[in-house]
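# Observations on the model geometry
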Amino acid sequence: MRETTYCPNHPDTPTNLRCSRCDELVCPRCMVQAPVGVRCQECGKGTRLPTYDVSGSLLARAIPASLGVGLAGGVAIALIGRPGLFLQIAAMAGLGYLLAEVVSLAANRKRGRALQFVAFAGIAAAYTVLVVTSIYFYGTIGLFDLIGAGVASYVAYIRLR
């Protein structure tokens, strides 16, 4: 006759299930389904993909690159003037793509949420330049600048996810 075994995490739960990696007892409440069978919670933890693992030093390189390109792009788009809806939004979409590429290159071709926020900071810098120049030269804030910033943010978000 077999001896009754209990889960180490839930001592009141009898079980005969074992982890396929470390052979530890697991109950149905704490088991993790893996492609190769049942795993305990320790062995079933997923690892982060290296593409999305951004260190602090890479972020420290990406932030100034994003702000520099954002400010330069904002100045370049401000020099274009107010050409109209399509050209303004297309220029901002191009800036969003350029910012995403520069941030990714500065971070050693990494991606992820942290780099998306870094790119958003560059877009905010460009938008700030556009707002300041619009108020200075035209006395109003352009709606196309705001729409363009939204489009640039979306392009950067998609590129860095």
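The sections below set out a description of the structure shown in this document.

At a minimum axis separation of 9 Å, helix 2 (residues 85–106) and helix 3 (residues 113–138) run at an interaxial angle of 140°. Classed by the angle they form, the pair helix 2 and helix 3 counts as oblique. In this structure, helix 2 meets helix 3 at a crossing whose hand is right-handed. Side by side, helix 2 and helix 3 meet where Gln-88, Met-92, Leu-95, Leu-99 and Val-103 of the first sit next to Leu-115, Val-118, Ala-119, Gly-122, Ile-123, Ala-126 and Leu-130 of the second. Among the residues forming the contact of helix 2 with helix 3, the class breakdown is 10 nonpolar, 2 polar and no charged.

Its identity is not glycine, yet Asp-23 carries a phi of approximately 65°, on the positive side. Here Asp-23 shows up in the segment before strand 1 (32–34). Positive phi is not limited to glycine here, since Asn-108 has a value of about 65°. Along the chain, the position of Asn-108 falls in the loop between helix 2 and helix 3. Taking the relative accessible area as the measure of exposure, Asn-108 reaches 53% and is therefore exposed.

Oppositely charged side chains may form a pair once their charged atoms are brought near each other. All chains considered together, the criterion is met by 4 salt bridges. Lys-45 is paired through a salt bridge with Glu-42; the nearest N and O atoms lie 3.6 Å apart. With respect to burial, Lys-45 and Glu-42 carry one shared label: exposed. Between Arg-159 and Glu-101 there is a salt bridge, with the nearest N and O atoms lying 2.6 Å from each other. A residue pair is termed long-range when its members are at least 10 positions apart, and Arg-159 in helix 4 (residues 143–159) and Glu-101 in helix 2 qualify at 58 residues. Residue Arg-159 is classed as partly exposed on the basis of its relative accessible area of 26%. For Glu-101, a relative accessible area of 15% gives the class buried.

Here is what the cut-offs are and how they apply
Residues numbered from 1 in each chain as written. Predicted model: local features only at pLDDT ≥ 70, side-chain atom pairs only at ≥ 80, totals over all residues. Heavy atoms only, no water. Axes fitted to C-alpha atoms, helices over the stretch in contact; angles between N-to-C directions. Helix = DSSP H or I, 4+ residues; strand = E, 2+ residues; numbered from the N terminus. Parallel < 35°, antiparallel > 145°, perpendicular 65-115°, else oblique. Left-handed = near helix turned anticlockwise from the far one by under 90°. Contact = heavy atoms within 4.5 Å. Nonpolar A, V, L, I, M, F, W, Y, C, P; charged D, E, K, R; others polar. Buried < 20%, exposed > 50% of the residue type's maximum accessible area, 1.4 Å probe, protein only. Salt bridge = Lys/Arg side-chain N within 4 Å of Asp/Glu carboxyl O.

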